[in-house]
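# Residue-level structural notes
Here is what each chain is made of, one letter per residue.
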Amino acid sequence: MDEKKEELKNEAANPQNKFDDEVMIKIDHVSMRFNLDKEKVDNLKEYFIRMLKGRLQYNKFVALDDVSFEVKRGERLAILGFNGAGKSTLLKTIVGVYKPSEGEVFKKGVIAPLLELGAGFDPNYSGRENIFLYGAILGYSRAYIESKIDEIIEFSELGHFIEVPVKNYSSGMRARLGFSIATAVDPDILILDEVLSVGDAKFKKKSLAKVRSMFDSGVTVLFVSHNIDQVKAICNKAILLEHGEVLAYGDVDTVAAIYEEKTTQTKAKPKKTVVSPITKAEKKQDKKANEEQKKSFEAMQEFEDEFVKTIAEKDDPDNRYEIYLDLKKKFLEDKYTKEEFVDEVAKLTVADLNAEDSPYKKTQQLTKFEKRLAQAKEKEKSEVKENGNE
């Protein structure tokens, strides 16, 4: 009897002891509920007044409803479901961003969460400073980041732009830096949420190769994606969520087939609606248009990244980038042709912004912080110069 009591005591102290050593993640009857206010409450004072008077009304939204499953060492689990099914909420609950309303999450080992890349960046800090900031958010020590910083910078391909404030980065550059930091660790568990499309075509291949190298080391993977071909190529198991509930769990091919069947189910059509069937030629034309649009978007990203790298070595890169954004806006509004846009960007790249006849004007006023920073740098330069003369 005493031995049984001791066993129960040990289990209470460490709940993971009652699970298989090969289990890396166990989701035990997890539910996640959010309160949605019926009326807008503008400030904390009003919130407490309404709460004390019993006039605080809200609706309950169930994002996850009694979810249970486990992932063993080396397994690669795909989490499938339509938008709003609870996929990202589940990942954030596993990582620890959310505390479950009910149930428990058990995990062990080092976790590398590739969720919202670059979400913790401070726009006024340089890329180098944000490496330490983002690394701290992910739980890495400063000493570890210092040992990996050259590798991170090299993998991100940012070059000299690593010293420029992140507010001047393109979206692709921010994501690439976030990806490089998040994958700098050797994880036991890798969590991917639609992040294998980071950057341009060249970097996509590089990032996929990096993730695959982690797979080869036997890392446990949780993968969220709407790309079924990619899911089948990466994962061996899958779970299907619908309105926060587990609809299916098991072999990836079986669960993927259920998911694909649900995506092709014909929705009920409203009455008195005439629907013309899409011909093969129209489908082919739509596919071609989508591919061209995708190529055009990737080409613009590559063009923008090259411009950003080039102006990093020029004077006043902040202002050049602001002028570039104005040119890009005009191009997207069809005020410039493609040739005119490229020509204007080429002129901007080599222009002397300080020349008296410069057509470029300051597009952004310095903040008080930036003014003080500039003054401090000027003062430091003056002191260095005076000490040198002495």
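Every value quoted in this text rests on a predicted model; they were computed, and no experiment measured them.

## A look at the layout of surface pockets
In this structure, the second largest pocket encloses a volume near 440 Å³. Considering the residues around the second largest pocket, the lining is formed by 19 residues, among which Ser296, Phe297, Ala299, Met300 and Gln301 are closest to the centre. For the lining of the second largest pocket, the secondary structure elements donating two or more residues are α6 (171-182), α10 (280-311), α11 (317-332) and α12 (338-350). Counting residues per element, the lining of the second largest pocket draws most heavily on α10, which supplies nine residues. Taken together, the residues of the lining of the second largest pocket sort by class into nine nonpolar, six polar and four charged.

## So, unusual backbone geometry
Excluding glycine, most residues fall at negative phi; most peptide bonds, likewise, are trans. Phi at glutamate 157 is positive, roughly 60 degrees, even though this residue is not glycine. Considering the arrangement of structural elements, one finds glutamate 157 in the loop between α5 (142-156) and α6. With a phi close to 50 degrees, histidine 243 is a non-glycine residue in the positive phi region. Take histidine 243: it is sitting in the loop between β8 (237-242) and β9 (245-251). On the accessibility criterion, histidine 243 (66% relative accessible area) is exposed.

## Points about α11
Because an α-helix packs 3.6 residues into every turn, residues spaced three or four apart end up facing the same way. Helix length check: α11, at 16 residues, gives a terminal C-alpha distance of 22 Å against a target of 22 Å (1.5 Å per residue), a fit within 8%. Those residues of α11 that fall on the buried side of the exposure criterion are Pro317, Asn319, Arg320, Tyr321, Ile323, Tyr324, Leu327 and Phe331. A positive phi of about 65 degrees marks aspartate 334, the residue just after α11.

## Looking at the confidence of the model for the protein
For the protein, the mean per-residue pLDDT works out to 76, and 75% of the residues sit at or above 70. By mean pLDDT, the top-scoring element of the protein is β8 (90), and the lowest-scoring one is helix α1 (residues 2-13) (46). Segment residues 266-276: pLDDT under 50, and one contact once partners within four positions in sequence are set aside and those in other chains are kept.

## Notes on the packing of α5 against α6
Look at α5 against α6: their axes get within 9 Å of each other, and the N-to-C directions meet at 140 degrees. Relative to α6, α5 is oriented so that their crossing is right-handed. For the pair α5 and α6, the contacting residues are Ile152, Phe155 and Ser156 in the first and Arg176, Leu177, Phe179, Ser180 and Ile181 in the second. Of the residues that constitute the contact of α5 with α6, the class distribution is five nonpolar, two polar and one charged.

## A word on the sheet that holds strand β6 (residues 189-193)
Read from one edge of the open sheet, six strands run β5-β6-β7-β3-β8-β9, paired in mixed fashion. Edge positions in the open sheet fall to β5 (111-114) and β9, since each of these has one partner strand only. The sheet shows a mean angle of 15 degrees between the axes of neighbouring strands, direction not considered. Against the sheet, helix α9 (residues 252-264) makes contact with β3 (76-80), β8 and β9, and its axis sits at roughly 135 degrees relative to β9, the strand it touches most.

## What about the pairing of β9?
As paired strands, β8 and β9 are joined by six bridges and run antiparallel to one another. Its bridge partner lying in β9, alanine 238 is registered against glycine 250. Taking the residues that link successive antiparallel strands as the turn, the β8-β9 hairpin has two residues, and the phi of histidine 243 there is positive, at about 50 degrees.

## Some remarks on the pattern of salt bridges
Tallied over the entire structure, the rule returns 11 salt bridges. The salt bridge partner of glutamate 75 is lysine 237, with a shortest N-O separation of 3.4 Å. Residue glutamate 75 is located in the loop between β2 (58-72) and β3, and its partner lysine 237 is located in strand β8; the two are separated by 162 residues in the primary sequence.

## A look at the pairing of β8
Across four bridges, the pairing between β3 and β8 is parallel. If you follow isoleucine 79 over to β8, its bridge partner there is isoleucine 239.

## Quick word on the nonpolar core
Among the nonpolar cores identified, the biggest contains 64 residues, and Ile131, Leu177, Ile181 and Leu190 are the most heavily contacted of them. Setting aside residues up to four positions removed in sequence, isoleucine 181 forms contacts with Phe121, Asn130, Ile131, Tyr134, Gly135, Leu138, Tyr140 and Ile152. Among the nonpolar cores identified, the runner-up in size contains 22 residues, and Met24, Ala85, Ile239 and Leu241 belong to it.

Here is what the cut-offs are and how they apply
- Residues numbered from 1 in each chain as written.
- Predicted model: local features only at pLDDT ≥ 70, side-chain atom pairs only at ≥ 80, totals over all residues.
- Heavy atoms only, no water.
- 1 Å grid on protein atoms, 1.4 Å probe; cavity = no way out; pocket = protein on both sides within 12 Å on 5 of 7 lines; lining within 4 Å.
- Points joined across faces, edges and corners; volume = space filled by probe spheres on them.
- Helix = DSSP H or I, 4+ residues; strand = E, 2+ residues; numbered from the N terminus.
- Nonpolar A, V, L, I, M, F, W, Y, C, P; charged D, E, K, R; others polar.
- Buried < 20%, exposed > 50% of the residue type's maximum accessible area, 1.4 Å probe, protein only.
- Expected span 1.5 Å × (residues − 1).
- pLDDT = per-residue confidence, 0-100.
- Contact = heavy atoms within 4.5 Å.
- Axes fitted to C-alpha atoms, helices over the stretch in contact; angles between N-to-C directions.
- Left-handed = near helix turned anticlockwise from the far one by under 90°.
- Pairing = 2+ DSSP bridges.
- Salt bridge = Lys/Arg side-chain N within 4 Å of Asp/Glu carboxyl O.
- Core = buried A, V, L, I, M, F, W, Y, C linked by side-chain atoms within 4.5 Å.

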